[in-house]
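The lines below spell out each chain.
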Amino acid sequence: MFISVTTSLLGGLAVSVRIFLLTLLFALPLGLVICFGLMSRFRVISVPCSLLVWIVRGTPLMLQLISFFYIPGIIGQNIWGGGEAGRTAATVVAFSLNYACYFAVIYKGGIQGVPVGQREAAQVLGLTRSQIFFRVTLLQMIKRIVHPMSNEIITLVKDTSLARIIAVYELTFTGYSFMKSDGIVWPMFYTGVFYLLFVGILTVLFGRLEKRLDYYQG
Amino acid sequence: MTDTILEVKSLRKRFGNNEVLRGITFSLRRGEVLVIIGSSGSGKTTLLRCLNFLETADEGEILVNGDSVFRAGEKMTARQLRESILHFGLVFQSFNLFPQYSVLRNVTLAPSLLETERLRDACRADPSRDFKAERRTMLADVNRRAEELIRTVGLGEKMKNYPFQLSGGQQQRVAIARALAMSPDILCFDEPTSALDPELTGEVLRVIRGLKNSDRTMIVVTHEMEFARGVADRVIYMADGVIEEEGTPEEVFGAPKSEKARAFLASSNLKG
Ligand SMILES: Nc1ncnc2c1ncn2[C@@H]1O[C@H](COP(=O)(O)OP(=O)(O)OP(=O)(O)O)[C@@H](O)[C@H]1O
Ligand SMILES: [Mg+2]
């Protein structure tokens, strides 16, 4: 029994990890785009971006997930199809947008934390705008945002469990289904071990990144 | 070929209702050292920032070697702006070294990026040239030049250190080497020693004096009157956004004509 539960839960974990990784893959760069949008001089760009961030941060992720999954069907465009793949895709899209907005705000704080003098010094030396960002600002910004980003990313691990609401068989849903079908409770608690291990690995990785950036100050 | 390297014509700059530069006109000969003095808020920093394109002047024109590099109201492409910027260098009061890079990398960063771009363009135009090979020799050149500059400012031992490991005076000397690495036509200093402890100002001023001997064209904003007197070929005294007095150090420090300049120099002598 233990073996078969573990195998099923590992299957659920694989789904959770996939949602997690795909969300990061899309949300990390999309967050940067939204961040530049928020900081844009042009109100036609900055105002819609602020509105988006307000809506996304102001409503529950579960509601967003449900909206993304059901609204296309309601308006007669069921883009997700009926299968597991479609449900996972809907989850990744909803999560990516949600996390991108949180990341954008963190990025913005990180960029604004880099002293103006850094950009000015680079500009006077003839660096182009993109060189200034990638060669001067970016690393200093990363150093400033490691902590808030690690918090968000660890939250994302646990948020993957929300996907059960649209019947994605991720880790929590798999554990829960044993309760319903076999009437056993312990697999549900057992899932906690997997989350803890997952978050433990992330914590170690973030610790390493922080150490890597410790070589300089300021 | 003219002897005049820089002409600034009727430069005006306002922030909101506050007109900070109210028609600044002067010119500079090659190799000349111009010192700008003036009380706080007179617009010295703003003038240097306009010359370095950190601010855009509202009116006026800037010419380098007879060519217009800035004319108020005229749009510039990003490329033109960059070309114009490269005529000038600026050493900030607060150093502004890049903390994540070693001393050497601080100095090589900008020239290696610029030279790489130029080389790439040249190799695109002429497919027989080998970009990768030429880039390697170019980067070695940039490194060698940077090391030389760092030694000139007396920091040969600190090449591999990071800015946070250096004293303020050492950081400012790296900033000078970094600016020199782009070989600007005109190097500007904005109160290069104001952020330093008194015992560290000497080493920085010595470096600047050394540059004078190597025939660099410089504009130095400073409150160090003794240094100003020693290093300047010409002195400008600014007050309320205008050039109130201009002349040789002997003229301006010895026998200032304007009332304001006399009062300013008297008060700064008391402080010094
Ligand atoms: N970005 C800005 N926005 C608004 N006002 C500014 C700005 N920069 C400078 N000023 C104003 O312009 C005036 C001149 O400032 P500036 O820094 O050029 O003086 P300064 O001669 O360099 O003075 P100091 O000796 O204190 O460095 C001041 O009144 C200042 O408040
Ligand atoms: Mg100033």
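Residues numbered from 1 in each chain as written. Chains lettered and ligands numbered in written order. Predicted model: local features only at pLDDT ≥ 70, side-chain atom pairs only at ≥ 80, totals over all residues. Heavy atoms only, no water.

Engineer: Account for the overall build of chain A, with residues named and values stated.
Structural biologist: When helices and strands are counted, chain A shows eight helices and zero strands. Counting only C-alpha atoms and orienting by the principal axes, one finds that chain A spans roughly 70 × 45 × 25 Å. Looking at the 218 residues of chain A, the share that counts as buried comes to 46%. Within chain A, contacts between residues at least 6 apart in sequence are counted, and of these 77% link residues at least 24 apart. One way to put it: in chain A the 17 positive side-chain charges average out to a point 9 Å from where the 8 negative ones average out. (Helix = DSSP H or I, 4+ residues; strand = E, 2+ residues; numbered from the N terminus. Buried < 20%, exposed > 50% of the residue type's maximum accessible area, 1.4 Å probe, protein only. Contact = heavy atoms within 4.5 Å. Lys, Arg positive; Asp, Glu negative; His and termini not counted. Charge placed at Lys NZ, Arg CZ, Asp CG, Glu CD.)

Engineer: Requested: an account of the nonpolar core, with residues and values cited.
Structural biologist: For soluble globular proteins, the rule of thumb is that nonpolar side chains tend to be buried together. Residues and elements named next belong to chain A. By size, the foremost hydrophobic cluster in this structure holds 53 residues, and its most contacted members are Phe20, Phe103, Tyr107 and Ile153. Contributing elements (two or more residues each) for this core: helix H1 (2-38), helix H2 (43-58), helix H3 (61-74), helix H4 (84-113), helix H6 (129-159), helix H7 (171-181) and helix H8 (186-212). Contacts of Phe20, omitting those with residues within four sequence positions, involve Ile153, Leu156, Val157, Thr160, Phe198 and Leu202. (Core = buried A, V, L, I, M, F, W, Y, C linked by side-chain atoms within 4.5 Å.)

Engineer: Tell me about the interface of chain A and chain B, and please be specific about residues and values.
Structural biologist: The interface of chain A with chain B comprises 20 residues on the first partner and 27 residues on the second. The largest share of the area that chain A buries against chain B comes from Val124, Leu125 and Arg135 of chain A, three residues that together contribute 32% of it. On inspection of chain A and its partner chain B, the count reaches one salt bridge. Close ionic contact of Glu120 of chain A with Arg49 of chain B constitutes a salt bridge, the shortest N to O distance being 2.8 Å. Connecting chain A to chain B are eleven residue pairs in polar contact (both at pLDDT 80 or more). Looking at the side of chain A that touches chain B, the element that brings in the most residues is helix H5 (residues 116-124) of chain A, giving seven residues. Partitioned by chemical class, the residues of the side of chain A that touches chain B number nine nonpolar, nine polar and two charged. (Buried area = accessible area lost by both parts, 1.4 Å probe. Salt bridge = Lys/Arg side-chain N within 4 Å of Asp/Glu carboxyl O. Polar contact = N/O pair within 3.5 Å; in protein donor to acceptor, adjacent residues only side chain to side chain. Nonpolar A, V, L, I, M, F, W, Y, C, P; charged D, E, K, R; others polar.)

Engineer: For H8 of chain A, give the residues involved together with the corresponding values.
Structural biologist: Residues and elements named next belong to chain A. Taking 1.5 Å as the rise per residue, H8 with 27 residues should run 39 Å; its terminal C-alpha atoms sit 40 Å apart, in good agreement. Buried within H8 are the following residues: Pro187, Tyr190, Thr191, Phe194, Tyr195, Phe198, Val199, Leu202 and Phe206. As for H8, its buried residues are in contact with H1, H6 and H7. (Expected span 1.5 Å × (residues − 1).)

Engineer: If you had to explain the state of the cysteines to someone new, which residues and values would you point to?
Structural biologist: Scanning the entire structure with this criterion turns up zero disulfides over all chains. With no disulfide partner, Cys35 of chain A has as its closest neighbouring cysteine sulfur the one in Cys49 of chain A, 9.6 Å distant. Left unpaired, Cys188 of chain B is separated from the closest cysteine sulfur, that of Cys50 of chain B, by 11 Å. (Disulfide = S-S within 2.5 Å.)

Engineer: Just give me the short version of the sheet that holds strand S6 (residues 88-91) of chain B, but keep the residues and values in it.
Structural biologist: All names here are of chain B. Across the sheet, six strands lie side by side as S6-S7-S8-S3-S9-S10; this open sheet has mixed pairing. Each of the sheet's edge strands pairs with one partner strand only, and the pair in question is S6 and strand S10 (242-247). Averaged over all pairs of adjacent strands, the angle between their axes in this sheet comes to 20°, without regard to strand direction. Pairing of strand S9 (residues 234-239) with S10 involves five bridges; the strand directions are antiparallel. Following the sheet pairing, Met238 is matched in S10 by Ile243. Strands S6 and strand S7 (186-190) of the sheet are contacted by helix H5 (residues 168-180), whose axis makes an angle of about 175° with S6. (Pairing = 2+ DSSP bridges. Axes fitted to C-alpha atoms, helices over the stretch in contact; angles between N-to-C directions.)

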